[in-house]
Amino acid sequence: MSDVIKTDVLIIGAGPCGLFAAFELGLLDMKTHFVDILDKVGGQCAELYPEKPIYDIPGIPQVSGQGLTDALMEQIKPFHPTFHLGEMVETVEKIGDPAFRCTTDVGKVFECKVLVIAAGGGSFQPKRPPVPGIEAYEGTSVHYAVRKMETFRDKNVLIVGGGDSALDWTLNLHPLARRITLLHRRDDFRAAPHSVEQMRALVADGKMDLRLGQVTALSGAEGKLTGATVKGNDNNVSEIACDTMLPFFGLTMKLGPVANWGIALENNLVPVETSAFETNVPGIFAIGDINTYPGKIKLILCGFHEGALMSQKAHRYVYPEKRLVFQYTTSSSSLQKKLGVN
Ligand SMILES: Cc1cc2nc3c(=O)[nH]c(=O)nc-3n(C[C@H](O)[C@H](O)[C@H](O)COP(=O)(O)OP(=O)(O)OC[C@H]3O[C@@H](n4cnc5c(N)ncnc54)[C@H](O)[C@@H]3O)c2cc1C
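Residues numbered from 1 in each chain as written. Predicted model: local features only at pLDDT ≥ 70, side-chain atom pairs only at ≥ 80, totals over all residues. Heavy atoms only, no water.

Asks: Hey, could you run me through the pattern of salt bridges in this one?
Replies: Pairing between side chains of opposite charge can happen when their charged atoms approach one another. According to the stated counting rule, one finds 17 salt bridges in the structure shown. With a shortest N-O distance of 2.8 Å, lysine 108 and glutamate 87 are connected by a salt bridge. One end of the pair, lysine 108, is in the loop between strand 7 (99–104) and strand 8 (109–117); the other, glutamate 87, is in the loop between strand 5 (82–85) and strand 6 (89–96), with 21 residues separating them in the sequence. For lysine 108, a relative accessible area of 26% corresponds to the partly exposed category. With relative accessibility at 7%, the residue glutamate 87 sits in the buried group. Among the salt bridges present, the one from arginine 128 reaches glutamate 135, with a minimum N-O distance of 3.8 Å. For arginine 128, a relative accessible area of 46% corresponds to the partly exposed category. Here the salt bridges share partners, and the residues they tie into one network are Lys6, Glu93, Arg101 and Glu111. (Salt bridge = Lys/Arg side-chain N within 4 Å of Asp/Glu carboxyl O. Helix = DSSP H or I, 4+ residues; strand = E, 2+ residues; numbered from the N terminus. Buried < 20%, exposed > 50% of the residue type's maximum accessible area, 1.4 Å probe, protein only.)

Right, dumping it as structure tokens:
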């Protein structure tokens, strides 16, 4: 058990509400680790609308989704939270009163005194294209995300989709792969115009292929892909030789493993009381979009408030012997010292 990571608080989900909670916990001397299934922090703000302006963050008239994420990261810097990205918490086990052991899908084990579920709408999961038998190739030849570019060196890669992910990976993997074919339903792309121009230039130079149509079947054996059958926009059926397929059809949000952690659920949300946003399991809190209570509004500012109240109660579990004295950041030299401003 030497590899177990011990922390005061484990926060599941590095969306805006989880990030701000690390600030409130940090002010009260609680150490945090984060686990997030995405390969970046910021949750919906960074994943779904990084460039869109948000107008209802208190005191900030306008900030983009990514801008808010960057500002939150700057704000929590003094507390040095540790991020474990690209991992999903799969199991939660009660080991004390309270204390929890959480295991991720890559086998990392955490032990914490307090668990904060800030999992938003659940985990973002890739939309699977409607191709019969595709499951048999997933994880071996069909991938919904690029975790390590080297995996695709010298591969014959078929990238499917017309959005930013499809175009970005077409351009990024092009120098590494043996051959890239980009397949999209129509000759009209939702991706950034500059990326589309770069892709068209590569096609014009004969350095990659662009095909219009849809995958209808896959061929191969034992998880190893050898080709994809494609129905073109002209209704002609042809075969594209490939050993790797990367479909980028967007993401959906699924509650995922949260449903198996032994906490009460109500319509796929976690009911909490409203003095500390604690669940039915003492020591497990739920903040942000994942929770529900009378009057709940799914706004970032509500999640910030929830994080502040949660931290007060968490302090009692982490430091049962210590009395918590309420302090303002404006006037408390001890808080300012923690923030590195005094
Ligand atoms: C287009 C759009 C515009 C919006 N505009 C506004 C606005 O103007 N103002 C506003 O206040 N709100 C807005 N919202 C809503 C706002 O984005 C959400 O309220 C906010 O993101 C919720 O934050 P969160 O931290 O609770 O969850 P999320 O941002 O959803 O983050 C949750 C994180 O948890 C991770 N996760 C989930 N399950 C697991 C697991 N098992 N293991 C590991 N990680 C996990 C996810 O990958 C995700 O990163 C908007 C939303 C959208 C989609």
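Asks: How should the site of the ligand be read in this particular structure?
Replies: Taken together, 33 residues are adjacent to the ligand, and Asp36, Ile37, Gln44, Tyr49 and Asp289 come closest. Interatomic distance of 2.9 Å between a side-chain N/O atom of aspartate 56 and a nitrogen atom of the ligand. Aspartate 289 is positioned with one of its side-chain polar atoms (N or O) 2.8 Å from an oxygen atom of the ligand. Protein contacts shield 87% of the accessible area of the ligand, which totals 990 Å² for the unbound molecule. When residues of the shell around the ligand are traced back to their parent elements, those giving at least two are helix 1 (16–27), strand 2 (32–36), helix 2 (43–47) and strand 9 (123–126). The element best represented in the shell around the ligand is helix 1, accounting for 3 residues. In terms of residue class, the shell around the ligand is made up of 18 nonpolar, 10 polar and 5 charged. (Near = heavy atom within 4 Å. Polar contact = N/O pair within 3.5 Å; in protein donor to acceptor, adjacent residues only side chain to side chain. Areas by Shrake-Rupley, 256 points an atom, 1.4 Å probe, with all protein chains shown as cover. Nonpolar A, V, L, I, M, F, W, Y, C, P; charged D, E, K, R; others polar.)

Asks: Which parts of the structure should I look at to understand the sheet that holds strand 10 (residues 156–160)?
Replies: Each strand in a sheet pairs with another by means of backbone hydrogen bonds, the pair being arranged parallel or else antiparallel. If you trace the 6 strands from one edge of the open sheet to the other, you get 14-13-12-11-10-15, paired in mixed fashion. Across the chains shown, the open sheet's two edge strands, defined by having one partner strand only, are strand 14 (237–241) and strand 15 (244–247). Within this sheet the neighbouring strands show an average axis-to-axis angle of 40°, counted without direction. The pairing of strand 12 (residues 209–221) with strand 13 (residues 224–232) spans 8 bridges and is antiparallel. (Pairing = 2+ DSSP bridges. Axes fitted to C-alpha atoms, helices over the stretch in contact; angles between N-to-C directions.)

Asks: For this particular structure, what's the right way to read the domain arrangement of the protein chain?
Replies: Where the parts come together, the accessible area they lose is often given as the size of the interface. Examined at the domain level, the protein chain breaks down into domain 1 (5–124 + 252–339) and domain 2 (128–249). Of note, the centres of domain 1 and domain 2, computed from C-alpha atoms alone, are 36 Å apart. (Domains from an automatic or database assignment.)

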